[in-house]
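# Tertiary structure, described
Letter by letter, the chains look like this.
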Amino acid sequence: MKQEQKTGLGADRQLNQKGFTLLEILVVLVILGLLASLVGPQVFKQLSSSKSKTAELQIGELSSALDLYRLEVGSYPSSEQGLSALIEKPPAVDNWNGPYLKKKVIRDDPWGNAYLYRFPGEHGEFDLYSLGADKQPGGEGENRDVVSWQ
């Protein structure tokens, strides 16, 4: 008899259990959609500014390596030699004591483009810069140029 009561109670519980209604599920989905619409733009804003900050840090690292190159060789690499002179000895260069970068790799900017290098520079002893996400001079936000001379 005790077993019958247990099965009877279990059956009652199963009858009393209810799932979520379609309306309740829709309300939760609307709330999640509103949260995503408020939080999403802030997350994307932070991601885009972090790429610019990464480019600034990489330009700083490359600029330091270029300064060390100049101290040892006597001048900055020419525009033709480019940044690869920091990891491979250019022909006919004395006192090269590199590589001048720890990783022995010239990284692309955060947007997947090569950094642009010019010696002699128009804005300083050398110009080292990235054109940003749009790959065009100028721009604002994520499209702005990230440069070594400012």
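Above this text you will find the structure in question.
The following refers to the structure shown. (Residues numbered from 1 in each chain as written. Predicted model: local features only at pLDDT ≥ 70, side-chain atom pairs only at ≥ 80, totals over all residues. Heavy atoms only, no water.)

### So, a nonpolar patch on the surface
Together, F20, L22, L23, I25, L26, V27, V28, L29, I31, L32 and L35 make up an exposed nonpolar region whose accessible area comes to about 1,100 Å². Checked against the element boundaries, V27 lands in helix α2 (residues 22-73). Using a relative accessible area of 43% as the deciding quantity, one classes V27 as partly exposed. (Patch = residues over 30% accessible without salt bridge, like charges linked within 9 Å, V, L, I, M, F, W, Y side chains within 5 Å. Areas by Shrake-Rupley, 256 points an atom, 1.4 Å probe, with all protein chains shown as cover. Salt bridge = Lys/Arg side-chain N within 4 Å of Asp/Glu carboxyl O. Helix = DSSP H or I, 4+ residues; strand = E, 2+ residues; numbered from the N terminus. Buried < 20%, exposed > 50% of the residue type's maximum accessible area, 1.4 Å probe, protein only.)

### Observations concerning the sheet that holds strand β3 (residues 146-147)
Spatial strand order, β1-β2-β3: three strands in an open sheet with antiparallel pairing. Of all strands in the sheet, those bounded by a partner on one side alone are β1 (116-118) and β3. In the sheet, β1 pairs with strand β2 (residues 127-130) via three bridges, with the strands oriented antiparallel. Looking at the pairing, R118 lines up with D127 of β2. (Pairing = 2+ DSSP bridges.)

### Comments concerning the side chain of N113
Mapped onto the elements, N113 comes out in the loop between α2 and β1. Aside from chain neighbours lying at most four places away, what touches N113 is D108, G132 and K135. (Contact = heavy atoms within 4.5 Å.)

### As for unusual backbone geometry
For the bond from G98 to P99, the omega torsion is 5°, close enough to zero to count as cis. Tracing the chain through its elements places P99 in the loop between α2 and β1. A cis geometry characterises the amide bond from F119 onward to P120, with omega recorded as 0°. Backbone geometry at N95 places phi at a positive 65°, although glycine is not the residue there. Summarising the element assignment, N95 is placed in the loop between α2 and β1.

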